[in-house]
Amino acid sequence: MQLTVLVVGAGGREHALAAALARDVEVVGVHVAPGNPGTWDLSASYGVDHASDLGQRISHLDPFNPDAVVDLALDLGVNLVVIGPEAPLVAGVADQVREAGILCFGPSAQAAQLEGSKNFAKQVMASAGVPTAASRFCEELEDIESALDEFGAPYVVKDDALAAGKGVVVTMDRDVALAHAKSCSAVVIEEYLDGPEVSLFAICDGVRALPLLPAQDFKRVGDGDTGPNTGGMGAYCPLPWAPPELTDMVMAQVITPTLAEMERRGAPFQGLLYAGLALTSRGLRVVEFNVRFGDPETEAILPLLDTGLGRLLFAAAMGSLEGIGSLTWKDDYSLVIVYAAQGYPGTPSLDGSITIPPSPESVQVIHCGTALGSDGCLKPNSGRVLGIVAQGEDLGKARDGAYSYITDIGFPTGFYRRDIAEKAANGMIPIPNL
Ligand code: AMP
Ligand code: GLY
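Throughout, a residue's number is its position along its own chain's written sequence, starting from 1. Working convention: letters from A go to chains and numbers from 1 go to ligands, in the order in which they are written. Per-residue local features of the predicted model are confined to residues with pLDDT of at least 70, and side-chain atom pairs are confined, for both listing and counting, to 80 or more; whole-chain, interface and lining totals are unaffected and use all residues. Side-chain metrics in this entry use all non-hydrogen atoms of the structure; hydrogen atoms and water are not considered.

*Asks:* I'm lost on the pairing of strand β15 (residues 234–237) in this one. Help?
*Replies:* Each regular strand displays side chains that alternate between the two surfaces of the sheet. Of the two faces of β15, both are covered, the one formed by Gly234 and Tyr236 as well as the one formed by Ala235 and Cys237. Two strands pair when backbone bridges link them, and strand β12 (residues 216–217) and β15 are joined in this way by 2 bridges, in the antiparallel orientation. Looking at the pairing, glutamine 216 lines up with tyrosine 236 of β15. One requirement defines pairing of two strands: DSSP has to find at least two bridges between them. A run of DSSP states H or I qualifies as a helix once it reaches four residues; a run of E qualifies as a strand once it reaches two. Both are numbered from the N-terminal end. Across 4 bridges, β15 lies against strand β18 (residues 333–341) in antiparallel orientation. Bridge pairing in β18 links alanine 235 to valine 336. Think of it in three bands: with a 1.4 Å probe and only protein chains considered, a residue is buried below 20% of the maximum accessible area for its type, exposed above 50%, and partly exposed in between.

Here it is in C-alpha coordinates:
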(Lines give C-alpha, C1' and ligand atoms only; values in the text may rest on other atoms or scores of the structure.)
(Ligands and ions follow the chains in the order given, each with its own letter.)
Protein backbone atom coordinates (compact mmCIF):
# COMPACT_ATOMS: atom_id res chain seq x y z
CA MET A 1 0.00 0.00 0.00
CA GLN A 2 1.20 3.54 -0.76
CA LEU A 3 -0.55 6.13 1.35
CA THR A 4 -0.63 9.89 1.17
CA VAL A 5 -2.20 11.50 4.20
CA LEU A 6 -3.50 14.97 4.99
CA VAL A 7 -3.49 15.77 8.71
CA VAL A 8 -5.72 18.73 9.57
CA GLY A 9 -4.64 20.84 12.53
CA ALA A 10 -1.77 22.96 13.79
CA GLY A 11 -0.68 21.71 17.19
CA GLY A 12 1.62 19.25 18.89
CA ARG A 13 -0.77 16.38 18.30
CA GLU A 14 -0.69 17.00 14.54
CA HIS A 15 3.10 17.34 14.52
CA ALA A 16 3.40 14.05 16.44
CA LEU A 17 0.91 12.32 14.11
CA ALA A 18 2.81 13.53 11.07
CA ALA A 19 6.13 12.38 12.54
CA ALA A 20 4.72 8.92 13.23
CA LEU A 21 3.08 8.72 9.80
CA ALA A 22 6.39 9.67 8.21
CA ARG A 23 8.01 6.65 9.91
CA ASP A 24 5.50 4.28 8.30
CA VAL A 25 7.11 2.71 5.22
CA GLU A 26 3.69 2.52 3.55
CA VAL A 27 3.26 6.29 3.81
CA VAL A 28 4.75 8.14 0.85
CA GLY A 29 3.36 11.57 1.59
CA VAL A 30 2.30 13.51 4.69
CA HIS A 31 0.82 16.97 4.60
CA VAL A 32 -0.20 18.93 7.67
CA ALA A 33 -2.49 21.90 7.21
CA PRO A 34 -2.45 24.56 8.48
CA GLY A 35 0.50 23.01 10.34
CA ASN A 36 3.20 24.90 12.19
CA PRO A 37 6.92 25.55 11.75
CA GLY A 38 7.62 22.08 13.15
CA THR A 39 5.59 20.34 10.44
CA TRP A 40 6.71 22.49 7.56
CA ASP A 41 9.97 20.71 7.12
CA LEU A 42 9.28 17.20 8.25
CA SER A 43 11.68 15.52 5.88
CA ALA A 44 14.53 17.66 7.18
CA SER A 45 13.52 17.10 10.80
CA TYR A 46 12.95 13.39 10.52
CA GLY A 47 15.44 12.30 7.88
CA VAL A 48 12.71 10.42 6.03
CA ASP A 49 13.83 9.27 2.62
CA HIS A 50 11.08 6.88 1.53
CA ALA A 51 8.49 9.66 1.44
CA SER A 52 8.61 11.76 -1.67
CA ASP A 53 6.16 14.39 -0.63
CA LEU A 54 6.65 15.41 2.95
CA GLY A 55 6.12 18.66 4.65
CA GLN A 56 4.63 20.81 1.93
CA ARG A 57 3.78 24.15 3.49
CA ILE A 58 0.03 24.76 3.43
CA SER A 59 -0.52 27.27 6.18
CA HIS A 60 -3.70 28.87 4.90
CA LEU A 61 -6.24 26.11 5.60
CA ASP A 62 -9.24 26.87 7.84
CA PRO A 63 -9.91 23.52 9.57
CA PHE A 64 -13.55 24.51 10.10
CA ASN A 65 -14.22 25.01 6.41
CA PRO A 66 -15.19 21.59 5.04
CA ASP A 67 -15.10 22.78 1.43
CA ALA A 68 -11.55 24.00 1.90
CA VAL A 69 -10.49 20.71 3.53
CA VAL A 70 -12.07 18.72 0.68
CA ASP A 71 -10.51 20.94 -2.00
CA LEU A 72 -7.09 20.61 -0.43
CA ALA A 73 -7.43 16.83 -0.07
CA LEU A 74 -8.42 16.60 -3.75
CA ASP A 75 -5.61 18.92 -4.86
CA LEU A 76 -3.07 16.86 -2.95
CA GLY A 77 -4.60 13.58 -4.12
CA VAL A 78 -4.43 12.08 -0.63
CA ASN A 79 -5.98 8.70 0.19
CA LEU A 80 -6.72 9.61 3.80
CA VAL A 81 -7.63 12.71 5.77
CA VAL A 82 -7.01 12.73 9.54
CA ILE A 83 -8.82 15.48 11.46
CA GLY A 84 -6.73 16.30 14.55
CA PRO A 85 -8.69 18.62 16.88
CA GLU A 86 -12.13 18.14 18.38
CA ALA A 87 -13.81 21.37 17.29
CA PRO A 88 -13.89 20.62 13.53
CA LEU A 89 -15.05 17.07 14.33
CA VAL A 90 -17.91 18.37 16.49
CA ALA A 91 -18.71 20.80 13.65
CA GLY A 92 -19.09 17.88 11.20
CA VAL A 93 -16.03 18.38 9.01
CA ALA A 94 -15.30 14.62 8.89
CA ASP A 95 -18.85 13.94 7.62
CA GLN A 96 -18.39 16.34 4.76
CA VAL A 97 -15.00 14.95 3.80
CA ARG A 98 -16.56 11.49 3.63
CA GLU A 99 -19.53 12.82 1.65
CA ALA A 100 -17.03 14.07 -0.91
CA GLY A 101 -15.86 10.47 -1.31
CA ILE A 102 -12.58 10.87 0.60
CA LEU A 103 -11.59 8.45 3.34
CA CYS A 104 -11.43 10.23 6.69
CA PHE A 105 -10.20 9.15 10.12
CA GLY A 106 -12.40 10.90 12.66
CA PRO A 107 -15.95 10.59 14.00
CA SER A 108 -19.14 12.07 12.57
CA ALA A 109 -20.59 15.17 14.24
CA GLN A 110 -23.15 12.93 15.93
CA ALA A 111 -20.52 10.57 17.33
CA ALA A 112 -18.28 13.51 18.29
CA GLN A 113 -20.97 14.57 20.78
CA LEU A 114 -19.21 12.15 23.14
CA GLU A 115 -16.77 15.04 23.61
CA GLY A 116 -18.95 17.92 22.40
CA SER A 117 -21.45 17.53 25.22
CA LYS A 118 -20.56 16.23 28.67
CA ASN A 119 -24.26 15.53 29.19
CA PHE A 120 -24.52 13.41 26.01
CA ALA A 121 -21.47 11.42 27.15
CA LYS A 122 -23.11 10.81 30.53
CA GLN A 123 -26.29 9.56 28.85
CA VAL A 124 -24.37 7.16 26.61
CA MET A 125 -22.43 5.84 29.61
CA ALA A 126 -25.63 5.35 31.59
CA SER A 127 -27.26 3.39 28.73
CA ALA A 128 -24.10 1.35 28.12
CA GLY A 129 -23.48 0.57 31.80
CA VAL A 130 -20.07 2.27 31.70
CA PRO A 131 -18.81 3.23 35.18
CA THR A 132 -18.53 6.99 35.69
CA ALA A 133 -19.02 9.62 38.41
CA ALA A 134 -22.61 10.25 39.52
CA SER A 135 -23.63 13.61 38.09
CA ARG A 136 -26.35 16.20 37.56
CA PHE A 137 -26.95 18.29 34.45
CA CYS A 138 -27.92 21.82 35.54
CA GLU A 139 -29.01 24.98 33.76
CA GLU A 140 -30.77 26.81 36.62
CA LEU A 141 -29.11 28.37 39.65
CA GLU A 142 -31.37 26.47 42.02
CA ASP A 143 -30.33 23.11 40.52
CA ILE A 144 -26.66 24.12 40.55
CA GLU A 145 -26.80 24.98 44.26
CA SER A 146 -28.57 21.79 45.18
CA ALA A 147 -26.18 19.61 43.12
CA LEU A 148 -23.16 21.29 44.78
CA ASP A 149 -24.64 20.54 48.18
CA GLU A 150 -25.64 17.01 47.25
CA PHE A 151 -22.10 16.00 46.18
CA GLY A 152 -20.20 18.29 48.59
CA ALA A 153 -16.49 19.19 48.46
CA PRO A 154 -14.27 18.73 46.54
CA TYR A 155 -16.66 20.30 44.02
CA VAL A 156 -16.41 19.25 40.37
CA VAL A 157 -18.11 21.61 37.89
CA LYS A 158 -17.85 21.01 34.13
CA ASP A 159 -18.91 23.31 31.34
CA ASP A 160 -21.26 21.18 29.21
CA ALA A 161 -19.70 22.54 26.01
CA LEU A 162 -16.21 22.28 24.51
CA ALA A 163 -13.66 24.37 26.43
CA ALA A 164 -10.19 23.29 25.24
CA GLY A 165 -9.47 21.34 28.42
CA LYS A 166 -10.19 24.36 30.60
CA GLY A 167 -13.92 23.96 31.28
CA VAL A 168 -13.52 21.89 34.43
CA VAL A 169 -13.07 23.37 37.89
CA VAL A 170 -12.23 21.11 40.83
CA THR A 171 -12.18 23.08 44.07
CA MET A 172 -12.80 22.93 47.80
CA ASP A 173 -14.31 26.43 47.63
CA ARG A 174 -18.06 26.43 47.03
CA ASP A 175 -18.01 30.08 45.89
CA VAL A 176 -15.41 29.29 43.20
CA ALA A 177 -17.47 26.30 42.06
CA LEU A 178 -20.62 28.41 41.95
CA ALA A 179 -18.92 31.25 40.06
CA HIS A 180 -17.67 28.80 37.40
CA ALA A 181 -21.13 27.24 37.06
CA LYS A 182 -22.68 30.70 36.63
CA SER A 183 -20.18 31.56 33.89
CA CYS A 184 -21.37 28.59 31.75
CA SER A 185 -24.75 28.26 30.09
CA ALA A 186 -25.11 24.64 31.22
CA VAL A 187 -22.95 22.51 33.50
CA VAL A 188 -22.47 18.97 34.67
CA ILE A 189 -21.81 18.79 38.42
CA GLU A 190 -20.50 15.50 39.68
CA GLU A 191 -19.03 13.51 42.51
CA TYR A 192 -15.28 13.82 43.07
CA LEU A 193 -13.21 10.84 41.92
CA ASP A 194 -10.02 10.01 43.79
CA GLY A 195 -7.10 7.87 42.60
CA PRO A 196 -4.58 8.07 39.76
CA GLU A 197 -5.77 9.13 36.31
CA VAL A 198 -5.10 7.20 33.13
CA SER A 199 -5.66 8.09 29.48
CA LEU A 200 -6.47 5.11 27.29
CA PHE A 201 -6.84 5.71 23.55
CA ALA A 202 -8.61 3.23 21.29
CA ILE A 203 -8.50 3.29 17.51
CA CYS A 204 -12.06 2.44 16.44
CA ASP A 205 -13.58 1.44 13.11
CA GLY A 206 -17.22 1.78 14.17
CA VAL A 207 -17.44 -1.77 15.50
CA ARG A 208 -14.00 -2.92 16.60
CA ALA A 209 -11.29 -1.16 18.60
CA LEU A 210 -7.57 -1.52 19.21
CA PRO A 211 -6.08 0.07 22.34
CA LEU A 212 -2.91 2.15 22.36
CA LEU A 213 -0.57 2.07 25.39
CA PRO A 214 -2.10 3.56 28.55
CA ALA A 215 -0.62 6.95 29.40
CA GLN A 216 -0.81 9.47 32.21
CA ASP A 217 -1.33 13.17 31.61
CA PHE A 218 -0.49 16.03 33.99
CA LYS A 219 -3.46 18.38 33.94
CA ARG A 220 -2.56 20.98 36.56
CA VAL A 221 -0.25 23.79 35.63
CA GLY A 222 2.09 23.56 38.63
CA ASP A 223 4.48 21.06 40.17
CA GLY A 224 2.85 18.72 42.66
CA ASP A 225 -0.47 19.01 40.76
CA THR A 226 -1.14 22.55 41.91
CA GLY A 227 -2.85 25.47 40.18
CA PRO A 228 -5.57 25.49 37.54
CA ASN A 229 -6.29 22.78 34.95
CA THR A 230 -4.62 23.06 31.56
CA GLY A 231 -4.85 21.07 28.34
CA GLY A 232 -1.96 18.98 29.76
CA MET A 233 1.57 19.89 30.88
CA GLY A 234 3.24 16.56 30.17
CA ALA A 235 2.60 12.85 29.83
CA TYR A 236 4.33 9.49 29.90
CA CYS A 237 3.71 5.90 28.88
CA PRO A 238 3.45 3.03 29.50
CA LEU A 239 2.50 3.05 33.19
CA PRO A 240 4.98 0.95 35.18
CA TRP A 241 2.62 0.91 38.17
CA ALA A 242 -0.55 -0.14 36.37
CA PRO A 243 -2.00 -3.62 36.87
CA PRO A 244 -1.31 -5.71 33.73
CA GLU A 245 -5.03 -6.30 33.20
CA LEU A 246 -5.81 -2.57 33.07
CA THR A 247 -6.11 -2.25 29.29
CA ASP A 248 -8.30 -5.34 28.97
CA MET A 249 -10.53 -4.06 31.76
CA VAL A 250 -10.95 -0.67 30.10
CA MET A 251 -11.71 -2.30 26.77
CA ALA A 252 -14.31 -4.60 28.36
CA GLN A 253 -15.91 -2.10 30.74
CA VAL A 254 -15.66 1.12 28.74
CA ILE A 255 -14.64 1.03 25.07
CA THR A 256 -16.56 -2.02 23.83
CA PRO A 257 -19.90 -1.14 25.50
CA THR A 258 -19.59 2.49 24.35
CA LEU A 259 -19.00 1.42 20.74
CA ALA A 260 -21.99 -0.92 20.94
CA GLU A 261 -24.20 1.83 22.38
CA MET A 262 -23.11 4.33 19.72
CA GLU A 263 -23.89 1.78 17.01
CA ARG A 264 -27.27 1.13 18.61
CA ARG A 265 -27.97 4.86 18.47
CA GLY A 266 -27.16 4.93 14.75
CA ALA A 267 -23.97 6.92 15.35
CA PRO A 268 -21.15 4.34 15.08
CA PHE A 269 -17.87 5.70 16.37
CA GLN A 270 -15.01 5.69 13.86
CA GLY A 271 -11.85 7.49 14.93
CA LEU A 272 -9.96 7.74 18.18
CA LEU A 273 -11.95 7.25 21.36
CA TYR A 274 -10.07 8.71 24.30
CA ALA A 275 -11.16 7.43 27.70
CA GLY A 276 -9.96 9.64 30.55
CA LEU A 277 -10.18 7.38 33.61
CA ALA A 278 -9.79 7.60 37.35
CA LEU A 279 -8.64 4.41 39.10
CA THR A 280 -10.57 4.98 42.30
CA SER A 281 -10.69 2.94 45.46
CA ARG A 282 -14.10 1.73 44.22
CA GLY A 283 -12.89 0.64 40.77
CA LEU A 284 -12.30 2.39 37.49
CA ARG A 285 -14.48 5.32 36.43
CA VAL A 286 -14.62 7.35 33.25
CA VAL A 287 -13.77 11.01 33.92
CA GLU A 288 -14.37 12.09 30.34
CA PHE A 289 -14.44 11.00 26.73
CA ASN A 290 -12.60 12.79 23.98
CA VAL A 291 -13.02 11.96 20.32
CA ARG A 292 -9.49 12.60 19.05
CA PHE A 293 -5.89 11.94 19.96
CA GLY A 294 -5.06 13.53 23.31
CA ASP A 295 -2.51 16.26 23.54
CA PRO A 296 0.20 15.84 24.89
CA GLU A 297 -0.23 12.07 25.44
CA THR A 298 0.02 11.44 21.69
CA GLU A 299 3.50 12.96 21.62
CA ALA A 300 4.66 10.40 24.21
CA ILE A 301 2.75 7.37 22.87
CA LEU A 302 3.37 7.41 19.12
CA PRO A 303 7.20 7.14 19.16
CA LEU A 304 6.75 3.70 20.78
CA LEU A 305 4.36 2.40 18.10
CA ASP A 306 6.00 -0.08 15.73
CA THR A 307 2.87 -0.89 13.72
CA GLY A 308 2.61 1.54 10.81
CA LEU A 309 0.31 4.40 11.84
CA GLY A 310 -0.84 5.09 8.26
CA ARG A 311 -1.97 1.52 7.73
CA LEU A 312 -3.72 1.55 11.11
CA LEU A 313 -5.69 4.77 10.57
CA PHE A 314 -6.51 3.75 7.01
CA ALA A 315 -7.94 0.42 8.22
CA ALA A 316 -10.02 2.17 10.90
CA ALA A 317 -11.41 4.63 8.35
CA MET A 318 -12.22 1.70 6.01
CA GLY A 319 -14.05 -0.17 8.81
CA SER A 320 -11.58 -3.04 8.54
CA LEU A 321 -9.47 -3.04 11.71
CA GLU A 322 -9.68 -6.84 11.89
CA GLY A 323 -6.97 -6.94 9.20
CA ILE A 324 -4.44 -5.24 11.49
CA GLY A 325 -4.07 -7.92 14.18
CA SER A 326 -2.72 -6.54 17.42
CA LEU A 327 -0.42 -3.55 17.62
CA THR A 328 3.29 -3.91 18.24
CA TRP A 329 5.29 -1.57 20.46
CA LYS A 330 8.89 -0.76 21.29
CA ASP A 331 9.91 -2.08 24.67
CA ASP A 332 10.76 1.41 25.98
CA TYR A 333 9.28 4.21 28.06
CA SER A 334 8.48 7.60 26.64
CA LEU A 335 7.58 10.98 28.05
CA VAL A 336 6.79 14.50 26.94
CA ILE A 337 7.35 17.72 28.84
CA VAL A 338 5.30 20.69 27.67
CA TYR A 339 7.20 23.98 27.46
CA ALA A 340 4.47 26.58 27.94
CA ALA A 341 4.38 30.37 27.64
CA GLN A 342 4.21 32.42 30.87
CA GLY A 343 0.61 33.16 31.75
CA TYR A 344 -0.80 29.84 30.48
CA PRO A 345 -3.53 28.59 31.08
CA GLY A 346 -4.60 32.23 31.32
CA THR A 347 -3.55 34.64 28.56
CA PRO A 348 -0.06 33.54 27.52
CA SER A 349 2.76 35.98 26.88
CA LEU A 350 3.72 35.69 23.23
CA ASP A 351 6.84 37.82 23.58
CA GLY A 352 10.34 36.59 23.16
CA SER A 353 11.93 34.13 20.81
CA ILE A 354 12.87 30.49 20.94
CA THR A 355 16.07 28.75 19.95
CA ILE A 356 16.14 24.99 19.59
CA PRO A 357 19.59 23.39 19.52
CA PRO A 358 20.10 19.97 17.90
CA SER A 359 18.83 17.20 20.16
CA PRO A 360 20.28 13.76 20.88
CA GLU A 361 18.69 10.86 18.96
CA SER A 362 16.46 9.79 21.85
CA VAL A 363 14.93 13.28 22.16
CA GLN A 364 12.45 14.90 19.76
CA VAL A 365 11.11 18.44 19.73
CA ILE A 366 7.45 18.73 18.83
CA HIS A 367 5.99 22.12 17.96
CA CYS A 368 2.68 22.74 19.72
CA GLY A 369 2.24 26.49 19.36
CA THR A 370 5.06 28.19 17.49
CA ALA A 371 5.17 30.71 14.66
CA LEU A 372 7.88 32.27 12.55
CA GLY A 373 8.23 36.00 13.21
CA SER A 374 8.85 38.50 10.42
CA ASP A 375 12.51 38.44 11.47
CA GLY A 376 12.59 34.70 10.75
CA CYS A 377 12.87 33.83 14.47
CA LEU A 378 10.77 31.16 16.07
CA LYS A 379 8.21 32.59 18.53
CA PRO A 380 5.52 31.32 20.86
CA ASN A 381 2.02 31.73 19.44
CA SER A 382 -0.17 29.95 21.97
CA GLY A 383 -0.11 28.72 25.57
CA ARG A 384 1.52 25.36 24.95
CA VAL A 385 4.54 26.01 22.77
CA LEU A 386 6.84 22.97 22.55
CA GLY A 387 6.75 19.33 23.58
CA ILE A 388 10.09 17.80 24.52
CA VAL A 389 9.75 14.05 23.96
CA ALA A 390 12.26 11.41 25.01
CA GLN A 391 12.50 7.65 25.22
CA GLY A 392 14.56 5.42 27.48
CA GLU A 393 14.69 1.85 28.72
CA ASP A 394 13.02 3.02 31.92
CA LEU A 395 11.18 6.16 32.91
CA GLY A 396 14.17 7.51 34.83
CA LYS A 397 16.31 7.42 31.65
CA ALA A 398 13.55 8.95 29.54
CA ARG A 399 13.19 11.74 32.13
CA ASP A 400 16.94 12.33 32.25
CA GLY A 401 17.05 12.67 28.46
CA ALA A 402 14.19 15.15 28.25
CA TYR A 403 15.08 17.20 31.33
CA SER A 404 18.76 17.52 30.49
CA TYR A 405 18.03 18.61 26.90
CA ILE A 406 15.25 21.07 27.81
CA THR A 407 17.71 23.34 29.63
CA ASP A 408 19.55 23.85 26.31
CA ILE A 409 16.47 25.35 24.69
CA GLY A 410 16.44 29.14 24.65
CA PHE A 411 12.93 30.23 25.68
CA PRO A 412 13.24 32.91 28.37
CA THR A 413 9.48 33.55 28.57
CA GLY A 414 8.62 29.88 28.88
CA PHE A 415 8.10 27.52 31.82
CA TYR A 416 7.60 23.80 32.35
CA ARG A 417 6.79 21.38 35.15
CA ARG A 418 9.81 19.73 36.78
CA ASP A 419 7.95 16.68 38.02
CA ILE A 420 6.56 14.97 34.92
CA ALA A 421 6.61 11.20 35.58
CA GLU A 422 8.70 11.73 38.73
CA LYS A 423 6.48 9.75 41.10
CA ALA A 424 6.06 6.92 38.59
CA ALA A 425 9.83 6.76 37.97
CA ASN A 426 10.42 6.56 41.72
CA GLY A 427 7.79 3.86 42.30
CA MET A 428 5.67 6.23 44.37
CA ILE A 429 2.27 5.58 42.75
CA PRO A 430 0.47 2.91 44.77
CA ILE A 431 -0.82 0.06 42.61
CA PRO A 432 -4.58 0.47 42.44
CA ASN A 433 -6.73 -2.47 43.42
CA LEU A 434 -9.18 -2.76 40.55
P1 AMP B 1 -12.20 16.63 31.92
O2 AMP B 1 -12.12 17.79 30.96
O3 AMP B 1 -13.56 16.14 32.19
O4 AMP B 1 -11.17 15.60 31.63
O5 AMP B 1 -11.62 17.16 33.29
C6 AMP B 1 -10.33 17.71 33.37
C7 AMP B 1 -9.66 17.25 34.62
O8 AMP B 1 -10.43 17.63 35.77
C9 AMP B 1 -9.54 15.74 34.73
O10 AMP B 1 -8.45 15.22 34.06
C11 AMP B 1 -9.41 15.57 36.23
O12 AMP B 1 -8.10 15.86 36.66
C13 AMP B 1 -10.32 16.63 36.76
N14 AMP B 1 -11.64 16.01 37.00
C15 AMP B 1 -12.67 15.93 36.13
N16 AMP B 1 -13.72 15.27 36.67
C17 AMP B 1 -13.34 14.93 37.92
C18 AMP B 1 -13.98 14.23 38.99
N19 AMP B 1 -15.23 13.79 38.91
N20 AMP B 1 -13.27 14.05 40.13
C21 AMP B 1 -12.00 14.51 40.25
N22 AMP B 1 -11.35 15.18 39.29
C23 AMP B 1 -12.00 15.39 38.13
N1 GLY C 1 -4.44 15.78 27.42
C2 GLY C 1 -5.81 16.02 27.53
C3 GLY C 1 -6.53 16.21 26.28
O4 GLY C 1 -6.03 16.00 25.20
O5 GLY C 1 -7.69 16.56 26.35
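Still more to cover.
*Asks:* Explain the environment of valine 254 to me, please; I cannot follow it from the model alone.
*Replies:* Among the structural elements, valine 254 can be located in helix α10 (residues 246–264). With 129 residues separating them in the primary sequence, valine 254 and glycine 383 have C-alpha atoms 32 Å apart. Apart from residues no more than four positions distant in its own chain, valine 254 is found in contact with Val130, Met249, Ala275, Leu277, Leu284, Val286 and Phe289. We call two residues contacting when some pair of their heavy atoms lies within 4.5 Å.

*Asks:* It is not clear to me how the site of ligand 1 should be interpreted in this structure. Could you clarify?
*Replies:* In the neighbourhood of ligand 1, 14 residues make up the surrounding shell, with Glu190, Leu193, Glu197, Lys219 and Glu288 lying closest. Contact between ligand 1 and leucine 193: a nitrogen atom at 2.8 Å from a main-chain N or O atom of the residue. Taking lysine 219, its side chain carries an N or O atom lying 2.8 Å from an oxygen atom of ligand 1. Calculation on ligand 1 without its partners gives an accessible area of 470 Å², and the protein chains cover 93% of this total. For the shell around ligand 1, the elements supplying multiple residues, two or more each, are β7 (155–159), β8 (168–171) and β17 (283–290). What makes a residue near a molecule or strand is one non-hydrogen atom of that residue sitting within 4 Å of it. Definition of a polar contact: a pair of N or O atoms within 3.5 Å, with one able to donate and the other able to accept a hydrogen when the atoms are protein atoms, and with sequence-neighbouring residues admitted only if both atoms are side-chain atoms. We get accessible surface area from the Shrake-Rupley algorithm with a probe of 1.4 Å; when it comes to residues, only the shown protein chains can shield them.

*Asks:* Please clarify how the sheet that holds strand β11 (residues 209–211) should be interpreted in this entry.
*Replies:* What holds strands together in a sheet is hydrogen bonding between their backbones, with the strands either parallel or antiparallel. Strand order in this open sheet of 4 strands is β11-β10-β16-β17, and the pairing throughout is antiparallel. Either end of the sheet is taken by a strand with one partner, and the two such strands are β11 and β17. Strand-to-strand, the axes of this sheet are offset by a mean angle of 30°, without reference to chain direction. The pairing of strand β10 (residues 197–205) with strand β16 (residues 270–280) spans 9 bridges and is antiparallel. Here the axes come from fitting lines to C-alpha atoms, over the contacting stretch only for helices, and the angles between their N-to-C directions go from 0 to 180 degrees.

*Asks:* Is there a simple way to think about the pattern of salt bridges in this case?
*Replies:* A side chain of one charge can pair with a side chain of the opposite charge when the charged atoms of the two come close. Just to be clear on terms, a salt bridge is a Lys or Arg side-chain nitrogen sitting within 4 Å of an Asp or Glu carboxyl oxygen. Per the counting criterion, the structure on display carries 23 salt bridges. With a shortest N-O distance of 2.9 Å, arginine 174 and aspartate 149 are connected by a salt bridge. Of this pair, arginine 174 sits in helix α9 (residues 174–183) while aspartate 149 sits in helix α8 (residues 141–151); the two residues are 25 residues apart in sequence, bridging distant segments of the chain. The exposure class of arginine 174 is partly exposed, given its relative accessible area of 22%. Since its relative accessible area comes to 49%, aspartate 149 is described here as partly exposed. Through salt bridges with shared partners, a single ionic network connects Lys118, Asp217, Lys219 and Glu288.

*Asks:* I'm lost on the pairing of β8 in this one. Help?
*Replies:* Only one face of β8 is covered, namely the one carrying Val169 and Thr171; the face carrying Val168 and Val170 has none of its residues buried. The pairing of β7 with β8 spans 4 bridges and is classified as antiparallel. Directly across from tyrosine 155, in β8, lies its bridge partner threonine 171.

*Asks:* Is there a simple way to think about the packing of helix α6 (residues 109–116) against helix α7 (residues 118–128) in this case?
*Replies:* When two helices pack together, you describe them by how their axes are tilted relative to each other and by the distance separating the axes. Between α6 and α7, whose axes approach to 6 Å, the crossing angle comes to 100°. Here α6 lies roughly perpendicular to α7, going by the angle between them. Contacts between α6 and α7 involve Gln110, Gln113, Leu114 and Gly116 on the former and, on the latter, Lys118, Phe120, Ala121 and Val124. Polar here means any residue outside two lists: the nonpolar Ala, Val, Leu, Ile, Met, Phe, Trp, Tyr, Cys and Pro, and the charged Asp, Glu, Lys and Arg; Gly therefore counts as polar. Within the contact of α6 with α7, the residues separate by chemical class into 4 nonpolar, 3 polar and 1 charged. When an angle is under 35 degrees it counts as roughly parallel; over 145 it counts as roughly antiparallel; between 65 and 115 it counts as roughly perpendicular; any other value is oblique.

*Asks:* Got a minute to help me understand the packing of aromatic side chains in this structure?
*Replies:* Geometrically, a pair of aromatic rings is defined through the distance of the ring centres and the angle of the planes. Between the rings of Phe, Tyr and Trp (Trp by its six-membered ring), a pair exists once the centres lie within 6.5 Å; its type follows the angle of the planes, with under 30 degrees stacked, over 60 edge-to-face, and the other angles tilted. Across all of its chains, the model carries 6 aromatic pairs by this definition. Judged by centre distance (6.1 Å) and plane angle (40°), the ring pair of phenylalanine 105 and phenylalanine 293 falls under tilted. You can see phenylalanine 105 sitting in strand β5 (residues 104–105) and its partner phenylalanine 293 sitting in the loop between β17 and α11 (297–301), a full 188 residues away along the chain. The class for phenylalanine 105 is buried, based on a relative accessible area of 2%. The class for phenylalanine 293 is buried, based on a relative accessible area of 3%. Centre to centre, the rings of tyrosine 339 and phenylalanine 411 are 4.9 Å apart; their planes meet at 55°, and the pair counts as tilted. Taken as a pair, tyrosine 339 in strand β18 and phenylalanine 411 in the loop between α13 (395–406) and β23 (414–415) lie far apart in primary sequence, 72 residues in all. Both residues of the pair, tyrosine 339 and phenylalanine 411, count as buried. Any Lys NZ or Arg CZ that is within 6 Å of a ring centre and within 35 degrees of that ring's normal is treated as a charge sitting over the ring. The ring of tyrosine 416 has arginine 418 sitting right over it, with the charged end atom 4.3 Å from the ring centre.

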